[in-house]
Amino acid sequence: MHTSIFSTRRVLYAFAIILIHVMYSQVTKAQSGPGTDNSPWLPQKYTSYYWINTEPGGWEADYIYQLYYTPEGNPKAQYQLKAETSDTLFRVLYEYPESELQISQTRITSEQYIGNGDWLPVSLQVEKRNLYGDITESAHYTWSNETAWVLQNGRKYDYIYSHDQEYIRTETKAYNDATGSYENAEREVYYYGALGLETWLLQEWNSEIQDWKHKERIDAKFSNMAYPDSLIYRYYQDSIWKISSVKSNILWYVYTDFMSGQDYLQYELLFPFQGGLKPYSRYSIEYIENGGTIKTGEEYKNEEWIYSSRLSQRYDAWGNFLEIRSEKWDSGWYTTYWVKSNYTWEDDKLLEQYTENYDPATDSWIRSTRKLYAEHSMTFFHEHAEESGLWLFPIPAKDQIKLAFSSHTINIEYAEIVSISGKHAGITVRGVTPEAEICVEDLEPGMYILLIRCGTPTFRTYRFKFLKL
């Protein structure tokens, strides 16, 4: 395995931050729609459950989570309560303070409830990004002596980019709690040739000589194509570069460069053996719908390739995880690990998701965890309709609203009107055509949302907020 710019940026979070932040990320990710950004109908509450296997079995409530968002739909706060007693346990607060030089910041604070309206700080995670979206600082603090945040670990990153925003060099400083300062840790150097990135070099800081020392590198070998047909992985030992492995006979699916775009159709893995390179395994990747993959591995034995392993990952049209399945070969494929995630939706609103684990011993499925979502509300808006040639007028409206769009590019399946809280207003129109009229005369005065559902070839949902006079 090699270390890349992405793996060097990992910072250990406190357990509370990991647990709650990951849960929150799953909630917001699961609100995405096909070909759209996140749905504005975000849940304000969910209850987590675990499955009791003893007969007759059933879901046991674990925790209740109260969710809050910014007007843009970003996490703002999450409260964790014990389901059995509704006692408040923890909360996580998200802040996005403004910063200079177009650097974005995120502050995630976890606190424990100690009663009487008082909260005890537990941990603080601070992350900063530059205008290219790269992390410039990631730091973790814990609360000490009830007086101040104490930095536990952190990393800072400096980048040098080319004129077209490619990486030329990145330097990482790690926090040293013994000295109370950030010190040099790793440096990545990128070397480009006529065909693109040719060598990635990782160096580590040597405090004894106060200089950078080689650690690992990856060299790309190009033939006559604009992407390499082999990658050579090396490590530095005793002042010599030694080969650790080689990916050869690479067939690329998509190629950006071998660091940020490792999308293969097939490759062979070779290792040094008795002064040469010996084939060890071969992998082929099938890309299926919605970004899923099936990766099949083969072993080289007795001068022939035989099946070894298969890993399948599947997603739904919203990009939500559906299943991951690991299989081994023994005169046929048999499952060693299999987990599925199931979702229940009401239009754009996620109502439930639960996971199941496969038990190979009994050839049966065992339910594992469940989340039941409730109290959805519209938190934010995406108004990209005009960019795609779709307009709503007049606004405000009195008796009717009209749609104007290009029938050559937009296929509207139906339109419906809901209140600002998401409640159906009793108006649904199918077979919408250019300059269609929708009667709103019977609606009570107030703010409403017109949802436009598009079918093939552009599966999109557009939203117009309008005022009924």
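**Quick word on the pairing of strand 9 (residues 167-176)**
Here strand 8 (residues 148-161) pairs with strand 9 via seven bridges, running antiparallel. If you follow Arg155 over to strand 9, its bridge partner there is Ala174. Linking strand 8 to strand 9, which pair antiparallel, is a turn of five residues; within it Gln165 sits at a positive phi near 70°. Summarising the sheet, strand 9 and strand 10 (residues 181-193) pair through eight bridges and their orientation is antiparallel. Opposite Asn176, over in strand 10, you have Ser181 as the bridge partner. The turn linking strand 9 back onto strand 10 is made up of four residues, and Gly180 within it adopts a positive phi angle of 70°.

**Overview of the sheet that holds strand 23 (residues 390-393)**
Read from one edge of the open sheet, three strands run 23-24-27, paired in antiparallel fashion. Edge positions in the sheet fall to strand 23 and strand 27 (437-439), since each of these pairs with one other strand and no more. Neighbour to neighbour, the strand axes of the sheet diverge by 20° on average, direction disregarded.

**Section: the pairing of strand 20 (residues 333-346)**
The pairing of strand 19 (residues 321-329) with strand 20 spans seven bridges and is antiparallel. Counterpart to Glu327 in the pairing with strand 20 is Thr335. Strand direction decides the pairing type here: strand 20 and strand 21 (residues 349-359), joined by eight bridges, are antiparallel. Across the sheet, Val339 pairs through a bridge with Asn357, a residue of strand 21. A loop of two residues connects strand 20 with strand 21, the two strands running antiparallel in sequence, and Asp347 in this loop sits at a positive phi of about 55°.

**A closer look at the nonpolar core**
Grouped together as the largest cluster of nonpolar side chains are 23 residues, with contacts concentrated most on Ile417, Leu450 and Ile452. Of all elements in the fold, only strand 23, strand 24 (400-405), strand 25 (412-419), strand 28 (446-454) and strand 29 (461-468) reach the threshold of two or more residues within this core. Core analysis: the next-biggest nonpolar cluster, separate from the first, contains 21 residues, Leu202, Leu231, Tyr255 and Tyr264 among them.

**A closer look at a nonpolar patch on the surface**
Nonpolar side chains collect at one region of the surface, where Leu251, Tyr253, Val254 and Leu265 lie side by side and expose about 350 Å² of accessible area between them. At three residues, strand 14 (residues 240-255) tops the list of elements feeding residues into the nonpolar patch. Residue Leu251 is classed as partly exposed on the basis of its relative accessible area of 46%.

**Re unusual backbone geometry**
The linkage connecting Phe393 with the following residue, Pro394, adopts the cis geometry, with an omega of -10°. Position of Pro394 relative to the elements: it lies in the loop between strand 23 and strand 24. Within the chain, Asn116 stands out as a residue other than glycine whose phi angle is a positive 60°. By secondary structure assignment, the location of Asn116 is in the loop between strand 5 (104-115) and strand 6 (118-129). On the basis of relative accessibility, which here comes to 79%, the residue Asn116 falls in the exposed class. Positive phi, close to 50°, is recorded for Asn249, a residue that is not glycine. Among the secondary structure elements, Asn249 is positioned in strand 14.

**Observations regarding the side chain of Arg234**
Considering the arrangement of structural elements, one finds Arg234 in strand 13 (residues 230-237). Separated by 2.4 Å, the side chains of Arg234 and Asp219 make a polar contact.

**A short note on the environment of Lys340**
Inspection of the secondary structure assignment puts Lys340 in strand 20. Taking C-alpha positions, Lys340 is 9.8 Å from Ser368, a pair spaced 28 residues apart along the chain.

**Comments concerning the packing of aromatic side chains**
Overall, the coordinates contain 32 aromatic pairs when judged by the stated rule. Here the aromatic rings of Tyr68 and Tyr79 are separated by 5.9 Å at their centres, their planes lie at 80°, and the arrangement is edge-to-face. In this pair, Tyr68 sits in strand 2 (residues 58-69) while Tyr79 sits in strand 3 (residues 75-82), placing the two residues 11 residues apart along the sequence. One aromatic cluster is present, formed by Tyr227, Trp252, Tyr255, Tyr264, Tyr267 and Tyr283 through successive ring pairs. In this structure, Lys278 packs its charged tip against the face of Phe273, placed 4.8 Å from the ring centre.

**Quick word on the environment of Leu443**
Looking at the element boundaries, Leu443 is found in the loop between strand 27 and strand 28. Distance in space between the C-alpha atoms of Leu443 and Asp399 is 9.0 Å, their sequence separation being 44 residues. Excluding residues within four positions of it along the chain, Leu443 makes contact with Ile417, Ala425, Ile427, Tyr448 and Lys468.

**Comments concerning the pattern of salt bridges**
Pairs may arise between side chains of opposite charge once their charged atoms sit close together. A complete count under the given rule lists 17 salt bridges for this structure. One salt bridge connects Lys128 with Glu137, and the closest N-O pair in it is separated by 3.6 Å. Exposure remark for Lys128: the relative accessible area of 26% places this residue in the partly exposed category. A salt bridge links Asp219 to Arg217; the nearest nitrogen and oxygen atoms lie 2.8 Å apart. Bridged by salt links that share partners, the residues Arg155, Glu186 and Lys215 form one connected network.

What counts, and at which threshold
Residues numbered from 1 in each chain as written. Predicted model: local features only at pLDDT ≥ 70, side-chain atom pairs only at ≥ 80, totals over all residues. Heavy atoms only, no water. Pairing = 2+ DSSP bridges. Helix = DSSP H or I, 4+ residues; strand = E, 2+ residues; numbered from the N terminus. Axes fitted to C-alpha atoms, helices over the stretch in contact; angles between N-to-C directions. Core = buried A, V, L, I, M, F, W, Y, C linked by side-chain atoms within 4.5 Å. Buried < 20%, exposed > 50% of the residue type's maximum accessible area, 1.4 Å probe, protein only. Patch = residues over 30% accessible without salt bridge, like charges linked within 9 Å, V, L, I, M, F, W, Y side chains within 5 Å. Areas by Shrake-Rupley, 256 points an atom, 1.4 Å probe, with all protein chains shown as cover. Salt bridge = Lys/Arg side-chain N within 4 Å of Asp/Glu carboxyl O. Polar contact = N/O pair within 3.5 Å; in protein donor to acceptor, adjacent residues only side chain to side chain. Phe/Tyr/Trp six-rings, centres within 6.5 Å; stacked < 30°, edge-to-face > 60°. Lys NZ or Arg CZ within 6 Å of the ring centre and 35° of its normal. Contact = heavy atoms within 4.5 Å.

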